[in-house]
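So the chains spell out like this:
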Amino acid sequence: MKKKKVWTAGCAVFLLLLICTVLSLRIEKMMRIEVQTVGAIQCSEEGMEEMYTLPVSCFREEDFTTAFFSVEEREGLFGKELYVEKVEAYPMWEEGNKAYILSQWVRNDQGKMRKIVNYSAWPLEDGDAVVIAGEER
């Protein structure tokens with residue numbers, strides 16, 4: 001009789017821990033910051049092939065630096081996940097609501113075009129897990 005009670009209590013604790021783990025993972029997924037991204041547009045004018053334009057709203061000024069956030073992909077605990085990376089870059093000049101930057105800032109380490117954050121639902125920090133608005137993961 002005593003073994004059955006211990007077995008039942010052990011199973012109950014196991015189920016409770018399993019339910020809490022699943023709930024924790026679901027809540028973590030729901031708590032990711034939602035962002036909207038834009039792509040940099042290459043300038044077509046002669047002599048400006050190395051320049052790209054971005055909306056001025058992409059740039060954040062803090063701690064005497066200007067930077068933007070780009071969305072990158074990394075291997076997480078349960079597969080691939082999106083996170084933001086802070087890129088310190090200064091616009092060469094601004095014209096209206098467009099900022100001109102060099103091509104080296106719009107490509108990541110693999111040479112692919114970055115997805116640059118234009119809007120975030122919450123203030124971002126380097127390494128935050130995010131989800132792109134309108135994309136299902």
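Mapped onto the elements of the fold, T53 is located in strand β3 (residues 51-55). Relative accessible area serves as the criterion here: at 10%, T53 is assigned to the buried category. Put simply, T53 and I19 are 34 residues apart on the chain and 48 Å apart in space, counted from C-alpha to C-alpha. When near neighbours in sequence (up to four residues on either side) are disregarded, T53 contacts A40, I41, C43, K98, A99 and Y100.

Taken together, the 4 strands give an open sheet; going across it, the order is β2-β3-β8-β7, and neighbouring strands pair in antiparallel fashion. The open sheet is flanked by β2 (41-42) and β7 (93-95), the only strands paired with a single partner. Sheet analysis places β2 next to β3, joined by 2 bridges and oriented antiparallel. If you follow Q42 over to β3, its bridge partner there is Y52.

We now examine the packing of aromatic side chains. One pass over the full model with this rule turns up 2 aromatic pairs. Considering the side-chain rings of F59 and F68, the 5.8 Å spacing of their centres and the 90° angle between planes classify their relative orientation as edge-to-face. Measuring from centroid to centroid gives 4.6 Å for W93 and Y100, while their planes differ by 20°, and the two rings are stacked. Given the relative accessible area of 5%, Y100 is considered buried. Between R74 and the ring centre of Y83, over which it is positioned, the NZ or CZ distance is 4.4 Å.

Rules used in this analysis
- Counting restarts for each chain: residues are numbered from 1 in the order of the written sequence.
- Side-chain atom pairs in this predicted model are given and counted only at pLDDT of 80 or more, local residue features only at pLDDT of at least 70, and totals for whole chains, interfaces and linings cover all residues.
- Think of the side-chain values as coming from all heavy atoms in the structure, minus any hydrogens and water.
- Secondary structure elements follow DSSP: runs of H or I of four or more residues count as helices, runs of E of two or more count as strands, with numbering from the N terminus.
- When a residue's accessible area, from a 1.4 Å probe over protein chains only, is under 20% of the maximum for its type it is buried; when over 50% it is exposed; and in between it is partly exposed.
- In what follows, residue pairs with any heavy atoms lying within 4.5 Å of each other are defined as contacts.
- At least two bridges found by DSSP between two strands is the condition for calling them paired.
- Classification of ring pairs rests on two measures: the distance between centres of Phe, Tyr or Trp rings, Trp counted by its six-membered ring, which must be within 6.5 Å, and the angle between planes, read as stacked under 30 degrees, edge-to-face over 60 and tilted in between.
- Working rule: Lys NZ or Arg CZ, within 6 Å of ring centre, within 35 degrees of ring normal, means a charge sits over the ring.

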